[in-house]
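Listed here are the chains, written in short residue letters.
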Amino acid sequence: MNSKDNTTRNIVLILMIVVAAAFRLLAFKYKELSNFNPVGAIAIFGGVYFADKWKSYVTVMLALFGTDIILNYLYFNKLTLWYSGAQWTYLAFILMILVGSLIKKVNVLNVILASIASILIHWLLTDLPGTLYPHTLAGYCTSLVNAIPFEKNMVLGNLVFGFILFGGFELAKTKYTFLRTKKQLAL
């Protein structure tokens, strides 16, 4: 794989992530889609496919940050770059990218296991700073229980968008050799 092919592969990966991230904006119009979004799948996908792992972190986090800015503007009619508890959300997604980077062989089982791990990470971290419940163990447990419907939507989002992203890229790799890594071309 030459550097032109690697650049083309990275552009394809970035475009897939950006297009998938745009689906996150549907939750503003359709409230029932809250947390049914591609961000978990995007994090795992980026962690798996970028050869230079730093690119997965930059691309995924910029996609998340960019859609956060747009969503915050849509919900609050003002430009908000940061929100209460954002550090926990961003830490969760950094850890999801790490989970994706640990996948050495892309197959259905590994992607499902990474999706489950990412949902658990999101569920456990993003409810830490909540302001709706007392900052006690009982309050944290209550927030976790009340978050289950949202996490259920995240499970569905990870499955649907994971199928689209991983399935689409794996299918494209069978047709376009420039999407394969050096190691895959040697096989």
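Keep in mind it's a predicted model, so treat the numbers as computed, not measured.

S.K.: Honestly, the overall build of the protein in this entry has me stumped. Any pointers?
M.R.: For the protein, the count of helices and strands is nine helices and zero strands. For the protein, the N- to C-terminal ordering of α and β elements is α-α-α-α-α-α-α-α-α. Relative to the globule expectation of 16 Å for 187 residues, the C-alpha radius of gyration of the protein, 17 Å, shows essentially globular dimensions. Its C-alpha atoms give the protein principal-axis dimensions of roughly 55 × 35 × 25 Å. Within the protein, the proportion of its 187 residues that are buried is 39%. Surface exposure of the protein reaches about 10,600 Å², of which carbon and sulfur atoms provide 73%. For the protein, the separation between the mean place of its 16 positive charges and that of its 7 negative charges on side chains is 8 Å.

S.K.: Explain the packing of helix H5 (residues 86-101) against helix H6 (residues 108-126) here, please?
M.R.: Packed helices, taken two at a time, are described by the angle their axes make and the gap between the axes. It is at 9 Å that the axes of H5 and H6 come closest, and there the two elements cross at 160 degrees. It follows from the interaxial angle that H5 and H6 lie roughly antiparallel. For the pair H5 and H6, the sense of crossing is right-handed. When H5 is examined against H6, the residues Trp-88, Thr-89, Leu-91, Ala-92, Phe-93, Leu-95, Met-96 and Val-99 are found in contact with a partner set consisting of Ala-114, Ala-117, Ser-118, Ile-121, His-122, Leu-125 and Thr-126. Here the contact of H5 with H6 is built from residues that sort into eleven nonpolar, four polar and no charged.

S.K.: Looking at this structure, I do not really get the packing of aromatic side chains. What am I missing?
M.R.: Evaluation of the coordinates by the stated rule reveals ten aromatic pairs. Their ring planes at 50 degrees and their centres at 5.8 Å tell us that Phe-36 and Phe-161 sit as a pair that is tilted. With Phe-36 in the loop between helix H2 (26-29) and helix H3 (39-49) and Phe-161 in helix H8 (residues 148-175), the pair connects residues that are 125 residues apart, well separated along the chain. Judged by relative accessible area, Phe-36 falls into the partly exposed class, the value being 23%. A residue is classified by how much of its surface remains accessible, and Phe-161, at 9% relative accessible area, is buried. Every member of this aromatic cluster is reached through a ring pair, and the members are Phe-45, Tyr-49, Phe-166 and Phe-169.

S.K.: What exactly am I supposed to notice about the side chain of Lys-173 here?
M.R.: Note that Lys-173 resides in helix H8. Excluding residues that lie within four positions of it along the chain, Lys-173 makes contacts with Arg-9, Tyr-49, Leu-179, Arg-180 and Gln-184.

Here is what the cut-offs are and how they apply
Residues numbered from 1 in each chain as written. Predicted model: local features only at pLDDT ≥ 70, side-chain atom pairs only at ≥ 80, totals over all residues. Heavy atoms only, no water. Helix = DSSP H or I, 4+ residues; strand = E, 2+ residues; numbered from the N terminus. Rg over C-alpha atoms; globule rule 2.2 N^0.38 Å. Buried < 20%, exposed > 50% of the residue type's maximum accessible area, 1.4 Å probe, protein only. Areas by Shrake-Rupley, 256 points an atom, 1.4 Å probe, with all protein chains shown as cover. Lys, Arg positive; Asp, Glu negative; His and termini not counted. Charge placed at Lys NZ, Arg CZ, Asp CG, Glu CD. Axes fitted to C-alpha atoms, helices over the stretch in contact; angles between N-to-C directions. Parallel < 35°, antiparallel > 145°, perpendicular 65-115°, else oblique. Left-handed = near helix turned anticlockwise from the far one by under 90°. Contact = heavy atoms within 4.5 Å. Nonpolar A, V, L, I, M, F, W, Y, C, P; charged D, E, K, R; others polar. Phe/Tyr/Trp six-rings, centres within 6.5 Å; stacked < 30°, edge-to-face > 60°.

Distances and angles like these do not, on their own, reveal function.
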